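Tertiary structure, described
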Amino acid sequence: MQSLPQLVAFDEETTFFADLIIPVPIPKLFTYRVPRDMVERLKVGARVIVPFGKNRVYTAVVGRIHHQPPNTYQAKYILELLDEYPLVTGYQLELFSWMAEYYLCNIGDVLNVALPSGLKITSQSKVQYNPDFDYPELLTDDEVRLLDELKKHSALSYEELGRLVGETNVPTTIKSLVGKRAVIVFDEVREKYVPKMVRKVRLTAHYENREQILALINGLEKLPKQQEVIMKYLSYIPVLNNPALNRKGLDKTILNQDDELSQSSLQTLIKNQIFETFEVIVPRFGDEDMQSVEVKLTEIQQRACNQVLSAFTEKDIVLLHGITGSGKTEVYINLIQNALESGSQVLYLLPEIALTTQIVVRLRKVFGDKMGIYHSKFSDNERVEVWKGIVDGQYQFVVGVRSAVFLPFDNLGLIIVDEEHETSYKQHDPAPRYHARDVAMMIAHWQKAKVLLGSATPSIESYYHAQQGRYGFVELLERYGDAMLPDIVLVNTRLEKQQRKMKNEFSSVLLDQLQQNLERGEQSILFQNRRGYSPYLQCEDCEWTGRCPNCDVSLTYHMRDAELRCHYCGHKDPVPKSCPACGSYKVRTIGFGTEKLEDQLQIVFPEARIQRMDLDTTRAKNAYQQIISEFEGGNVDILVGTQMISKGLDFGNVSLVGIFDSDRMIHYPEFRAIERAFQMITQVSGRAGRRADRRGKVLIQTSNPQQAVLQKILENDYKGLFEEEIVERENYNYPPFSRLIKLTVRHAEQRVSQQAAERLVAQLTEKLGEARVLGPEVPLVERIRNQYLYTVLIKLERSISPKAAKVFILEKINELLSDKGLKAVTVVADVDCL
Ligand code: ADP
Ligand code: ZN
Ligand code: ZN
């Protein structure tokens with residue numbers, strides 16, 4: 001029999017293949033062929049560029065290099081090698097596959113989230129014609145066609161090119177064009193480092209002296225808004241006293257932020273050459289006042305520190321229960337220094353929002369530029385800098401948010417998980433739905449590092465493990481410097497309502513205290529964990545309420561923007577002038593959010609300077625820091641906010657905290673509601689009275705002051721709360737006594753979704769048994785983005801290894817998804833769901 005000619009010459013010994021992790025949701029590695037000239041340089045953990053699917057290119061990471069060709073498909077060639085040195089460590093590769101297995105997702109999903117996009121090139125890489133190219137005779141027909149398209153455009157992505165030229169294998173053609181220097185491919189990795197610029201304003205030179213300024217202010221008597229802008233500028237930059245200060249100028253956004261009127265006044269002032277704008281380069285990680293400071297621990301803090309160190313000799317994980325204001329940060333700093341001195345790396349994890357504040361400034365003062373900061377609000381440039389800085393050894397210490405667990409450490413000695421109870425450590429979307437605290441423990445285990453969990457209100461799980469002796473346990477139960485915990489008072493709103501003492505949402509007690517605080521020039525914080533003006537609009541005549549067309553929820557009324565918004569999918573409607581159902585004009589708001597509080601407050605205290613901090617006021621890049629520094633600088637009397645204000649803020653002048661809607665938090669239909677309510681209220685309360693000379697006050701408005709959890713909060717009795725909660729958890733077999741896996745089945749038709757969920761339950765029950773599989777259930781919000789949801793909850797005992805169960809669950813999910821009768825059904829798996 002005649003043998004067929006081999007398509008590609010093939011030699012066992014000298015031909016190399018690489019298994020690659022590609023950031024796509026497909027559950028396997030892909031084998032590619034290594035070009036001969038790349039063999040020497042290619043290393044496990046390096047990034048490469050490969051063609052994938054039709055006309056797409058991806059950045060992939062080399063997982064394994066070997067000699068076996070794939071037997072079901074012909075391996076394509078790797079196009080390009082991006083790193084001479086691996087950018088991903090062996091530990092990370094191990095972590096990625098562990099996470100895929102543990103969190104029931106694909107390794108590509110993990111890579112996709114792990115790599116900052118600055119290190120990924122997808123089909124969005126752009127190709128550009130090289131104007132210096134002048135060897136057209138070298139080109140093939142395919143190349144000519146492609147080049148012709150490129151000449152017509154400034155730059156095109158691989159995908160756009162694919163669409164324009166049709167069938168040809170675009171990545172390969174581009175590769176050969178690159179070789180002939182006919183085109184330039186550019187991507188984020190090779191993009192130049194872009195310095196960070198800030199736009200500032202200052203008075204023009206003419207007004208740089210006292211007389212001119214005073215004359216200017218007098219001259220603007222009839223234009224109070226413009227006068228106001230100038231006064232505000234002078235309040236930040238006291239040019240009247242020291243004209244030289246004017247040169248430095250003021251961040252333009254500070255003058256701009258109030259309202260449109262002041263914006264247009266500023267514009268006019270600039271047009272009239274009273275103000276001028278200019279740009280300056282600022283250091284990316286703001287290193288003003290960088291003198292390093294010595295930390296002197298108090299005796300109690302020192303003892304806690306020693307206890308942690310000695311606990312580490314026996315346990316790998318230690319829980320530090322330190323009340324708010326006890327100076328946990330100081331203890332951390334000490335331990336970090338200790339670990340760094342011994343030559344190991346340190347990772348300090350913080351919840352998202354806490355990282356943007358004072359804590360970073362404090363750490364910066366101690367660790368200077370040896371410290372990297374990893375934050376999701378940072379640009380790609382910054383994230384890539386940190387990643388590479390760790391590989392290069394520039395950063396031994398990184399403070400970061402949950403995704404910092406993906407950084408390429410290889411010699412960790414200590415991981416600190418601050419505010420370990422925080423739910424924002426769990427990623428909800430997209431996969432991997434990981435918990436950074438738990439992942440940190442896994443990483444520490446591999447790298448033989450220690451983990452310190454810290455919190456004023458530990459999660460029930462962690463406290464339980466500490467009690468059981470699985471974790472070491474250290475307490476820090478006194479505030480720093482004689483500051484006392486605030487005096488917490490429960491205000492009975494039901495009673496006040498009966499006595500007609502409430503003014504809208506405000507009890508008379510709270511208004512009274514706010515008044516006193518204003519008179520004393522002290523600051524207050526009001527907490528309402530709901531943004532917008534009110535959660536419902538309702539017609540008094542026909543009961544119509546505004547609902548989202550895509551989700552099963554009512555639309556939140558945002559007065560400032562005159563909009564009804566869905567907080568699940570972002571759908572927006574204009575506010576109707578009258579009831580859309582019956583035409584009645586009696587449409588009223590039900591319930592209240594931060595916007596409404598702010599509004600009502602301004603009516604009661606017209607003189608007060610009120611600021612709101614929630615998702616809506618902090619969308620702009622620096623808005624959050626801006627509000628914090630305004631508040632810190634004493635330019636705000638009352639700060640109204642959502643849970644954003646509960647985290648890590650440390651203001652000396654706050655002596656009053658008011659808490660709204662505690663009842664809703666407590667009665668939230670969820671097994672962690674009590675724990676959450678305790679944590680949230682205690683943390684917010686902890687913002688008050690951080691000064692030795694004045695005890696702070698916390699007022700909690702509730703319709704039922706007798707509720708047990710409120711009593712525990714009053715007495716600052718975490719332990720008592722824990723003891724009650726843990727019994728409940730055991731009785732109902734919830735974590736820490738079980739592990740939860742939540743499967744959410746989704747489909748555009750309710751019937752299909754339900755059918756799929758029922759089938760899944762039936763199949764899972766077969767092997768796992770009825771006690772372990774609950775549901776299917778209709779979740780609180782049963783439709784989101786036009787998809788009907790059903791949830792299935794799987795409870796696995798702690799005593800059994802979840803590994804086998806997960807393999808089985810995954811198998812059943814895949815079976816379901818491959819059923820043609822259930823097309824377009826999706827299943828989201830959430831392991832250790834919160
Ligand atoms: P926690 O994180 O436990 O709520 P912080 O670390 O924010 O507490 O400390 C509360 C306040 O006390 C901060 O303003 C901090 O600077 C101050 N503080 C705590 N310990 C010390 C210390 N040893 N020396 C100086 N200031 C301290
Ligand atoms: Zn109506
Ligand atoms: Zn919606």
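Attention here is on the structure that accompanies the text. From a predicted model like this one, the values you see are computed outputs, not experimental measurements.

1. So, unusual backbone geometry
- The linkage connecting Pro735 with the following residue, Pro736, adopts the cis geometry, with an omega of 10°.
- Within the element layout of this structure, Pro736 appears in the loop between helix 23 (718-731) and strand 30 (738-747).
- The residue after Gly775, namely Pro776, is reached through a cis peptide bond having omega 5°.
- Of note, Pro776 is situated in strand 31 (residues 773-777).
- Unusually for a residue other than glycine, Asn716 sits at a positive phi of about 55°.
- Locating Asn716 in the fold gives a position in the loop between helix 22 (708-714) and helix 23.
- Residue class for Asn716 comes out partly exposed when judged on its relative accessible area of 34%.

2. Observations regarding the coordination of the zinc ion (ligand 3)
- Donor atoms from the polypeptide that coordinate the zinc ion (ligand 3) comprise Cys548 (SG), Cys551 (SG), Cys566 (SG) and Cys569 (SG), at 2.2 to 2.4 Å from the metal.
- Here the zinc ion (ligand 3) binds 4 donor atoms, and the angle range of 104 to 114° at the metal identifies the geometry as tetrahedral.
- All donors to the zinc ion (ligand 3) come from one chain, and their sequence spacing reads C-x2-C-x14-C-x2-C. Neither Cys548 nor Cys551 differs from the other in exposure class; each is buried.

3. Focus: the nonpolar core
- Judged by nonpolar contacts, the single largest core of 119 residues is most densely connected at Phe406, Leu743 and Leu764.
- Residues within four places of Leu764 in sequence aside, it is in contact with Leu743, Gly769, Val773, Val792, Ile794, Phe808, Ile809 and Lys812.

4. Observations concerning the packing of helix 7 (residues 224-236) against helix 9 (residues 260-271)
- Packing of helix 7 against helix 9 leaves a shortest axis separation of 9 Å and a crossing angle of 85°. In terms of orientation, helix 7 and helix 9 fall into the roughly perpendicular class. Residues Lys225, Gln226, Val229 and Ile230 of helix 7 form the contact with helix 9, whose participating residues are Leu261, Ser262, Ser265, Leu266, Thr268 and Leu269.
- Among the residues making up the contact of helix 7 with helix 9, the classes are represented as 5 nonpolar, 4 polar and 1 charged.

5. Quick word on the sheet that holds strand 5 (residues 80-81)
- Taken in spatial order, the 5 strands line up as 2-1-4-3-5 in an open sheet, and their pairing is antiparallel. Two strands lie at the open edges of the sheet, namely strand 2 (30-33) and strand 5, each paired on one side alone.
- Examined bridge by bridge, strand 1 (residues 17-21) and strand 2 share 4 bridges and lie antiparallel to one another. Residue Ala18 lies in a different strand from strand 2, and its bridge partner there is Tyr32.

6. Digging into the pairing of strand 12 (residues 317-322)
- Most of strand 12 is tucked away, with 6 of its 6 residues classed as buried.
- Side chains Ile317, Leu319 and His321 project from strand 12 onto one buried face, and the interleaved Val318, Leu320 and Gly322 project onto a second face that is buried too.
- Two strands pair when backbone bridges link them, and strand 12 and strand 18 (residues 472-476) are joined in this way by 5 bridges, in the parallel orientation. Paired with Leu320 across the two strands is Val474, which belongs to strand 18.

About the criteria used
In this numbering scheme, every chain counts its residues from 1 along its sequence in written order. Key to labels: chains lettered from A, ligands numbered from 1, both in the order written. Given that this is a predicted model, residues contribute local features only at a pLDDT of at least 70 and side-chain atom pairs are listed and counted only at 80 or more, while totals for whole chains, interfaces and linings are drawn from all residues. To obtain the side-chain values, all non-hydrogen atoms of the structure were included, while hydrogens and water were left out. Here a strand is any run of E in DSSP of at least two residues, a helix any run of H or I of at least four, and the numbering for each starts at the N terminus. Any residue under 20% of the maximum accessible area for its type is buried, any over 50% is exposed, and the rest in between are partly exposed; the area is computed with a 1.4 Å probe on protein chains only. For Na, K and Ca the donor cutoff is 3.2 Å, while for all other metals N, O and S atoms must lie within 2.8 Å; water is not among the atoms, so some sites may look incomplete. Just to be clear on the cut-offs, tetrahedral is four donors with all angles between 85 and 135 degrees, square planar is four donors and octahedral six with opposite donors over 155 degrees apart and all others between 65 and 115, and anything else goes down as irregular. By nonpolar core we mean a set of buried residues, namely Ala, Val, Leu, Ile, Met, Phe, Trp, Tyr and Cys, connected to one another through side-chain atoms within 4.5 Å. Here, residues are in contact when the closest pair of their heavy atoms is within 4.5 Å. All axes are obtained by fitting lines to C-alpha atoms, using only the stretch in contact for helices, and the reported angles, taken between N-to-C directions, cover 0 to 180 degrees. Here is the rule for angles: anything less than 35 degrees is roughly parallel, anything more than 145 is roughly antiparallel, 65 through 115 is roughly perpendicular, and the remaining ranges are oblique. Three classes are used: nonpolar for Ala, Val, Leu, Ile, Met, Phe, Trp, Tyr, Cys and Pro, charged for Asp, Glu, Lys and Arg, and polar for all others, with Gly counted as polar. Whether two strands pair depends on DSSP finding at least two bridges between them.

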